[in-house]
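# Structure at a glance
One letter stands for each residue in the lines below.
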Amino acid sequence: MPAGVEHERRLQHAVMAWIVTGLIFMLLPGTFLGVWNLVSISSRRQLEGLSAAWVQAHGHAQIYGWIGTFILGIGFYSLSKMGNLPRFAVRRAWLSWALWTPGVVLRWTANITGFAWRMALPLSALLELAGFLVFFATVSGHKAESGAVRKPREPWMLVVVGATCGFLLALLANLYAVSRAAFESQTPAIAHVLDQRLLALPVWGFLVPTVWGFNARWLPVFLGLRAPNGRQILAALALAWAAVVLALNGLALFSATLLLAAVALASFALHIFHRPERPAKTTGVHPSFPWFVRIAWFWLAAAAGLTLWAAAADRAGGIWGASRHAVTVGFLAAMVFAVGQRVLPAFCGARVLFSPRAMFASLLLLNLGCALRVGSEIPAYEGFAHAQFFWHILPVSAVTELTAVALFAANLLVTFCRPPAHLALHRIAHSVREMQVVETNQ
Ligand code: HEM
């Protein structure tokens, strides 16, 4: 086998390990625990009293265990290809995975079981940081191959690089927060105010900008959109970061106002709601794909609006919770469901998505679950009119989202278990030839 093909095959195996790990974190430590938490909140009719360590275990598993793991896997694959970078050692991808994964597992188990948590929490954060630094050193340490013409960095790349710095800062902040908890706290949980402020950093300083960067790269091709406006998208990133700084300093109202401006500017810069220039490319995925991408952007705008409302008027955590899940489920998870099912089969061995219909069903259920959740959480938690009715809806929303997540995972896992597209075609051609031989012999 030529060295290039062998390298590509090994790289694809490593990426698949990252993606499957992310799916596992998403399913049990992330979503199942989230459903469990929501059902217990609903049965007690209040958020207060639920173990903060369990809530944080869920949030950490979703943000870092699922989406963070996906981003690292995709990062290893795509940054090494798109930026004129020479091939890096696949071993680095495995080393990073071998540090990162136990870090996330340790954090979750320490939060849930409380076992040796004063040691486990800082150790988990250190392992995660070490795994990330291997990735960071790998993608930032490579120069363009000698002799290759060095192209100026495109805006999407700058946004992704910026978001990657946000990732680093989020991990450092996490290390700081869990170390403080290890010294000061009575339970394996970060103090409430610090935890809520710090959440702005991974969500708006790292995850949302990462999606903006990859949207800038892929949506002109996938949705036929006009090329993004580089200056505007960078300005949107700057606004989001300024909002994070304000949130970290407790200036929630000012922060939320900037977030609204950042979201409006980013959607304008990426031409999300403009008329496309070319038809969308939906081969291999469900034709509704472009609509779900746009709906995710509606959720992002709703999340920014809800954050403003929460900063002004939240009393019992309902508006904050709704704003958080509008961005995490409505925007981030929906974007991973939509764009992920478009690109991951190709990244993990030139495969074709197993079922575009399951893709449609997963996206539909995710959006339905998110709408039920966001729509019910506010009146239920905040004690508005008909709160009792909305308490009954919340578990339904949780199970709907769980079903969506299970469908998404099953569709990808079956896709990975099937042979790559070229091998499948090869097998079909082979069996056609065999049939022809049988027929001529008869
Ligand atoms: C899919 C179904 C999900 C369910 C049922 C669920 C449930 C919950 C519940 C009950 C809470 C406690 C606070 C509240 O009541 O609002 C919570 C908090 C949280 N969730 Fe989710 N969630 C889900 C998905 C997600 C996803 C996809 C993400 C991120 C990608 C996420 C990130 C978070 C974060 C960051 C917190 C706050 C943690 C903290 O306070 O430190 N959730 N979730």
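Residues numbered from 1 in each chain as written. Predicted model: local features only at pLDDT ≥ 70, side-chain atom pairs only at ≥ 80, totals over all residues. Heavy atoms only, no water.

This next bit is on helix H8 (residues 252–269). For an α-helix, 3.6 residues make a turn, and residues three or four places apart therefore share a direction. With 18 residues, H8 extends 25 Å between its outermost C-alpha atoms, agreeing within 8% with the 26 Å of an ideal straight helix rising 1.5 Å per residue. Residues Ser255, Ala256, Leu259, Ala262, Val263, Ala266, Ser267 and Ala269 constitute the buried set of H8. With its buried residues spanning 150° around the axis, H8 presents them on a single face. Residues of H8 that are buried in the fold lie against helix H6 (192–222), helix H7 (230–248) and helix H9 (289–313). One or two steps after H8, the chain reaches His271, where phi turns positive at roughly 60°. (Helix = DSSP H or I, 4+ residues; strand = E, 2+ residues; numbered from the N terminus. Expected span 1.5 Å × (residues − 1). Buried < 20%, exposed > 50% of the residue type's maximum accessible area, 1.4 Å probe, protein only. Arc of directions from axis to C-beta. Contact = heavy atoms within 4.5 Å.)

Turning to unusual backbone geometry, a few remarks are in order. Although it is not a glycine, Arg45 adopts a positive phi angle of roughly 60°. Counting through the fold element by element, Arg45 comes out in the loop between helix H1 (3–44) and helix H2 (52–82). Looking at Arg45, the relative accessible area reads 32%, which means it is partly exposed. Positive phi is not limited to glycine here, since Ala116 has a value of about 45°.

Time to look at the site of the ligand. Around the ligand, the structure places 28 residues, and the nearest of them are His58, Asp195, His325, Glu377 and Tyr381. Asp195 places a polar side-chain atom, nitrogen or oxygen, 2.8 Å from an oxygen atom of the ligand. Interatomic distance of 2.8 Å between a side-chain N/O atom of His325 and a nitrogen atom of the ligand. Put simply, the parts of the chain that give the shell around the ligand at least two residues each are H1, H2, H6, helix H10 (318–347), helix H11 (356–382) and helix H12 (387–417). When residues of the shell around the ligand are assigned to their parent elements, the largest contribution, eight residues, is made by H2. When the residues that make up the shell around the ligand are grouped by side-chain class, the tally is 12 nonpolar, 11 polar and five charged. (Near = heavy atom within 4 Å. Polar contact = N/O pair within 3.5 Å; in protein donor to acceptor, adjacent residues only side chain to side chain. Nonpolar A, V, L, I, M, F, W, Y, C, P; charged D, E, K, R; others polar.)

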